[in-house]
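Chain by chain, the residues:
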Amino acid sequence: MTLKKKLAVSTLAVSMAAATVAGIPLSGKGLAQQLGFTGTASAASISNADVKAKVAKLYNALTDAEKQALLKYQTEAGSISQAKYEAIFKPILDKLKLSGPDVQTSHKLFTSVSSVVYDVYAVDNDFAKLKEIRYNPDNIALLKGIAAKAGIANLTVDDLIDFLLGTGGVEAELRALISSKTTAELLEIVSNPNGQEALLNEAIDKVMDNRIGTDGAATVSQVVYNLGITKADVKKTLTNLNTEITSAKPAAKALATAYIRAFGLGVNPGTGGSGGGGGGGGVVTTPVTNPTATPGIYDVSKLVFIVGDKATLKLVDADVIKAFDALVAANPGKTGLTLTLNLGTVNAKTVEVPLSKVIIEAAKARGIANIAITFNGLTVTIPVGQFSDAVTLTVSTLDDSTITNVSKQKLASSVYDFKVTVGGVVVTVFKQPITIKLPLKNTTDLDKELLSVGKLVYNKLDFQGGVVDGEYIIEPRDTFSTYAVLENKVSFNDISKVQAWAGRQIQVVAAKGAIEGIGDSKFAPKSNVTRAEFAKMLIRALNLENNSAAQTFTDVSSTAWYAPYVAVAAEKGIITGRGNSKFDPSATITRAEMATMISRALKAEKGLTETAPASALNGFKDASKIAASLKEGVAFAASHNLVIGNAGKFNPNDTATRAEAAVIIYRTINFK
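What counts and how
Residues numbered from 1 in each chain as written. Predicted model: local features only at pLDDT ≥ 70, side-chain atom pairs only at ≥ 80, totals over all residues. Heavy atoms only, no water. Helix = DSSP H or I, 4+ residues; strand = E, 2+ residues; numbered from the N terminus. Buried < 20%, exposed > 50% of the residue type's maximum accessible area, 1.4 Å probe, protein only. Contact = heavy atoms within 4.5 Å. Areas by Shrake-Rupley, 256 points an atom, 1.4 Å probe, with all protein chains shown as cover. Phe/Tyr/Trp six-rings, centres within 6.5 Å; stacked < 30°, edge-to-face > 60°. Lys NZ or Arg CZ within 6 Å of the ring centre and 35° of its normal. 1 Å grid on protein atoms, 1.4 Å probe; cavity = no way out; pocket = protein on both sides within 12 Å on 5 of 7 lines; lining within 4 Å. Points joined across faces, edges and corners; volume = space filled by probe spheres on them.

Trainee: Is there a simple way to think about the overall build of the protein in this case?
Mentor: Along its length, the protein carries 26 helices and 17 strands. Evaluated residue by residue, the protein yields a buried proportion of 51% over its 672 residues. Restricting to contacts in the protein with at least 6 residues of sequence separation, those with at least 24 account for 73%. Approximately 29300 Å² of the protein is accessible, and the part contributed by carbon and sulfur atoms is 51%.

Here it is, written out as structure tokens:
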């Protein structure tokens, strides 16, 4: 295969990887490579009978539930409409610029591959269905046409398979990456969809960067030059597929799990292993039964007992303590450790997780900061240091109507009700926030920047914000209630004059609940911001709420709406008073004060210790007007582009407007 041909194969074939990388390849040679027929015998010399025996072993390892997962994907992917196919593969198709008939052929190729790849009866008739795909005249013509666009002689289905499942393909790179992982790392990847996605992305990167035969001369830039398809296009396509075809990931997981069950990974537990896999000689990774085997993750799925719609975790104190000890031993000298209790998939509406007083005290004695509970994609992380008695977490999944009956905003998650008892008494306010990580769903047509965690309070939603991380949103909560994620679209009718430079920022910050209108769909973008208002904006935006925080300002009433925000800001050193123990909440805030508060807040939240150089202020002609106590804060904000000047000036003593506040809060939310 020529160098240019390999480059073309890389760019085109990886666009189809989502449908086939975890499945059965379309040629006997590819099957032989996938199933471990390498070594002394040539893959090409393996008979169809040998391959069929291996495939049969693979499918015999499937559970009934896994077979149903494959069937669901086969049905869903094999029958997707032309329009849905084009939407999924748009990043690739836009670059290929195929004719209408060729797009239709590529659609048929995808559906036929999807129908056969995950068919548990695909081994019948010596792979006759697979051969039909390989030798279909339309498929051959399509690939030849793409080859011509890339300036190469030819391109075949076998070339695509070589990319996906050959010795230098995506599957081989995945094997190499897997073989470098310890058992603990493998189990983390298996339990974490983001980890699986990262692993696949890494394999794609390696193949698109390095799959160049023996001369090693080509780079991704040459691929881009030939076909204009980038790694970002490929990864976006994979994301589209897994979003639009919801059965794709479960099907891939089912087949991969059966593969491990049938043939093993070829990994040496705890040391990383030696790659390869297949041939039946590898070590099969099984759920953790010994808590010391995987420091940090304790698989407790076998300890979940379901009665009716309620599941209860029944822990053994001694085993949990062993898990604590293993975690500490694996992380000598480290603080802030978290032990994760992985319940797996729990088919119950209510899940109850009791943590005995013995467990709580043992965690604190060993310096374990948090116990995290994860199931069904949801994770709740509990800081245990604040408790001195038994803690029970109860999570109930409620009907969507709980939220849809009170809001027209689009739901982006399930609806969860959270409850914590301490010593048998319900506790709703926590000194240290409990972090919830909610899995998102149905986000294809939603604006992710506008996603916000909504708290149900007296049949109304109070939006709390949250940080979107892939297909999850993370939000620390100092109170518990009923929560769900929604696309919070907030509209104002008076921001047209600032739309160009602040419109989007106002919309996003309002969606997160960090800033509010003044009523009647008005935002008042040119109005000044008070010190109390900005304290709330900042604390809400950075998820720093803590109702147990205390403050001593004599002019801040404990019943004032801004009191809890001022208390947190004061406690964290984000704000200071204006003399005589007064905060002066109704006074307007200056641009320099705003920049300084932002800087202090970010340092407190991110644990930053850097001091910005004075030279960061050189771009401002009026830097001398910045009060000495505020210069470092303004310099930090300026050095991170959180604040910018106007016509070479910063205007430090000008009062900040609501539009300006929204912009700087938006930049703070997106601070990296």
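Trainee: Is there a simple way to explain the packing of aromatic side chains in this structure?
Mentor: In this description, a pair of aromatic rings is defined by centroid distance and the angle of the planes. Taken as a whole and assessed by the stated rule, the structure comprises 12 aromatic pairs. Between Tyr85 and Phe110 the ring centres are 5.8 Å apart and the planes differ by 40 degrees, which places this aromatic pair in the tilted class. Here Tyr85 is found in helix H6 (residues 82–88), whereas its partner Phe110 is found in helix H8 (residues 100–117), with 25 residues between them in sequence. Each member of the pair, Tyr85 together with Phe110, is buried. An aromatic cluster is present here, built from Tyr416, Phe418, Phe430, Phe480 and Tyr483 joined pairwise through their rings. Between the NZ or CZ atom of Arg531 and the centre of the ring of Phe583, over which it lies, the distance is 4.5 Å.

Trainee: Whenever I open this one, helix H21 (residues 499–511) confuses me. Can you help?
Mentor: For H21, every residue scored as buried is listed here: Ala502, Gly503, Gln505, Ile506, Val508, Val509, Ala510 and Ala511. For H21, the secondary structure elements touched by its buried residues are strand S13 (451–457), strand S14 (460–465) and helix H26 (658–669). One or two positions beyond H21, positive phi appears at Gly513, with a value near 80 degrees.

Trainee: Mind showing me how you'd approach the layout of surface pockets here?
Mentor: Any empty space left between the atoms is revealed when a probe the size of a water molecule rolls over them. Taken as a whole, the second largest pocket holds about 720 Å³ of empty space. Lining the second largest pocket are 31 residues, with Gly466, Val467, Asn543, Glu605 and Ile669 sitting closest to its centre. If you list the elements that add at least two residues to the lining of the second largest pocket, you get strand S12 (429–439), S14, strand S15 (467–469), strand S16 (472–479), helix H22 (531–541), helix H24 (591–606) and H26.

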